[in-house]
2 protein chains.
Amino acid sequence: MTTADRQIRLKPLTKTAFAEFGDVLAVKAKPDQIINQGMCGRHHNLAKLAFAGGGQAGISVFDATPRALPYTLDMMERHPKGSQAFVPMHDASFLVIVAADENGQPGQPQAFLTAPHTGINIHKNIWHGVLTPLSAPGLFAVIDRIGNDTNLEEHWFDEAYTVIA
Amino acid sequence: MTTADRQIRLKPLTKTAFAEFGDVLAVKAKPDQIINQGMCGRHHNLAKLAFAGGGQAGISVFDATPRALPYTLDMMERHPKGSQAFVPMHDASFLVIVAADENGQPGQPQAFLTAPHTGINIHKNIWHGVLTPLSAPGLFAVIDRIGNDTNLEEHWFDEAYTVIA
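Model, not experiment: these values are computed from the prediction. (Residues numbered from 1 in each chain as written. Chains lettered and ligands numbered in written order. Predicted model: local features only at pLDDT ≥ 70, side-chain atom pairs only at ≥ 80, totals over all residues. Heavy atoms only, no water.)

Chemist: Would you explain the nonpolar core in this entry?
Modeler: Nonpolar side chains in soluble globular proteins generally cluster together in the buried interior. Judged by nonpolar contacts, the single largest core of 26 residues is most densely connected at Ile 59 and Val 87 of chain A together with Leu 25, Ile 59 and Val 87 of chain B. Breaking this core down by element, the ones donating at least two residues are strand S6 (56–64), strand S8 (84–88) and strand S16 (139–146) of chain A together with strand S6 (56–64), strand S8 (84–88) and strand S16 (139–146) of chain B. Val 87 of chain B has contacts with Val 87, Met 89 and Ala 141 of chain A together with Leu 25, Gly 119, Leu 139, Phe 140, Ala 141 and Ile 143 of chain B, leaving out every residue within four places of it along the chain. (Core = buried A, V, L, I, M, F, W, Y, C linked by side-chain atoms within 4.5 Å. Buried < 20%, exposed > 50% of the residue type's maximum accessible area, 1.4 Å probe, protein only. Helix = DSSP H or I, 4+ residues; strand = E, 2+ residues; numbered from the N terminus. Contact = heavy atoms within 4.5 Å.)

In structure tokens:
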């Protein structure tokens, strides 16, 4: 059984709350540009991308098994050499877990629920949970660093957290 | 009224048919890697990206007005300095129009219908139609070149094409 201090309550994802961890990829109140003879709004350059140490930008597709709430969080990871963006290729919301660093390990995790039609970009070296769709299909385009060297650090918690609605 | 030689019949998007124009961003028969303790398949590095002439990779969101078939194609464009990927942030298929170059202008256009949960990456300098969702919402994450210089060439047809189902 999870003690109260290991419970994390889900919050709606907002740009402000997420700003210290990454970017919200969604339409803004107003597009930056109208293109294609008035038929398309361009919400321009929303993500702070990083592909350090000789890596390059790439696009992959992740196919993740849907999870359910309450969700057990026993591990977080970070990528010291690159940002990682997740774009849902479907209509559904998904779960995003992030934490600030505290002396080389994740501090108190925070859990966010995205609005539909919303992606995220996790900044370089920010602690985050693995990709956690809450419904099928768990398909996402992922824009991250392509390189053959190590770019993953994992932290396993002694006592797991539980994310609740 | 469109004459028969200006009609373009829609075809299903396949990797083979699209290979000369760009990449199909979708799961393959088998993932390249299984990650996240067995919970996620990574279909790795599916797109040939290009951000030439001092530009950089960026992620934007496009919000395009849905179109209907028959669709009138009166213009195609290309980006000489960069690739452009379109990732649907929804469940729906969309229309993709591309053409090989013939003496500096688009040759015979081809029209493809994507499968759901499928994105595309149009290679650098390939002629293509503007973003054409067929249903709402017309929301797409776009991974393309960010730069302040000109990276757009348009070609307007003397006689429009019509894309039919």
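Chemist: Sorry if this is basic, but what is going on with the interface of chain A and chain B here?
Modeler: How big an interface is tends to be expressed through the accessible area that disappears when the partners come together. Facing the 48 residues of chain A at the interface are 48 residues of chain B. Buried surface at the junction of chain A and chain B, summed over both partners, amounts to about 3,800 Å²; 62% is from carbon and sulfur atoms. Considering only the surface of chain A that becomes buried against chain B, Met 39, Ile 59 and Met 89 of chain A emerge as the three largest contributors, covering 18% of it. Linking chain A with chain B are two salt bridges, by the criterion used here. Arg 42 of chain B is the salt-bridge partner of Asp 144 of chain A, the closest N and O atoms lying 2.9 Å from each other. Where chain A packs against chain B, one counts 17 residue pairs in polar contact (both at pLDDT 80 or more). (Buried area = accessible area lost by both parts, 1.4 Å probe. Salt bridge = Lys/Arg side-chain N within 4 Å of Asp/Glu carboxyl O. Polar contact = N/O pair within 3.5 Å; in protein donor to acceptor, adjacent residues only side chain to side chain.)

Chemist: Got a minute to help me understand the pattern of salt bridges in this structure?
Modeler: Two side chains carrying opposite charge are able to pair once their charged atoms lie near each other. Residues and elements named next belong to chain A. According to the stated counting rule, one finds 14 salt bridges over all chains in the structure shown. Here Arg 78 makes a salt bridge to Glu 153, at a shortest N to O gap of 3.0 Å. In this pair, Arg 78 is assigned in strand S7 (residues 71–78) and Glu 153 in strand S17 (residues 153–164), connecting sequence segments 75 residues apart. Look at Glu 153 and you get partly exposed, because its relative accessible area is 30%. As a salt-bridge pair, Asp 149 and Arg 145 come within 3.0 Å of each other at their nearest N and O atoms. Owing to a relative accessible area of 6%, Arg 145 belongs among the buried residues under this scheme.

Chemist: How do you make sense of the environment of Ser 60 of chain A when you look at a structure like this?
Modeler: Residue placement: Ser 60 of chain A occurs in strand S6. Residue Ser 60 of chain A is classed as buried on the basis of its relative accessible area, which comes to 0%. For the pair formed by Ser 60 of chain A and Lys 124 of chain A, sequence separation is 64 residues and the distance between their alpha carbons is 17 Å. Beyond its immediate sequence surroundings of up to four residues, Ser 60 of chain A is in contact with Phe 140, Ala 141, Val 142 and Ile 146 of chain A together with Arg 42, His 43, His 44, Asn 45 and Leu 46 of chain B.

Chemist: Where do I start with the packing of aromatic side chains in this structure?
Modeler: Both the distance between ring centres and the angle between the ring planes are used here to describe each pair of aromatic rings. Residue and element names in this part refer to chain B. A full pass over the atoms with the stated rule returns 10 aromatic pairs over all chains. A ring pair is formed by Phe 62 and Phe 86, whose centres lie 6.1 Å apart and whose planes are at 70°; its orientation type is edge-to-face. Of this pair, Phe 62 sits in strand S6 while Phe 86 is found in strand S8, placing the two residues 24 residues apart along the sequence. The two residues Phe 62 and Phe 86 agree in class, both being buried. Judged by centre distance (4.8 Å) and plane angle (75°), the rings of Phe 94 and Phe 140 are edge-to-face. (Phe/Tyr/Trp six-rings, centres within 6.5 Å; stacked < 30°, edge-to-face > 60°.)

Worth remembering: the numbers are spatial, not functional.
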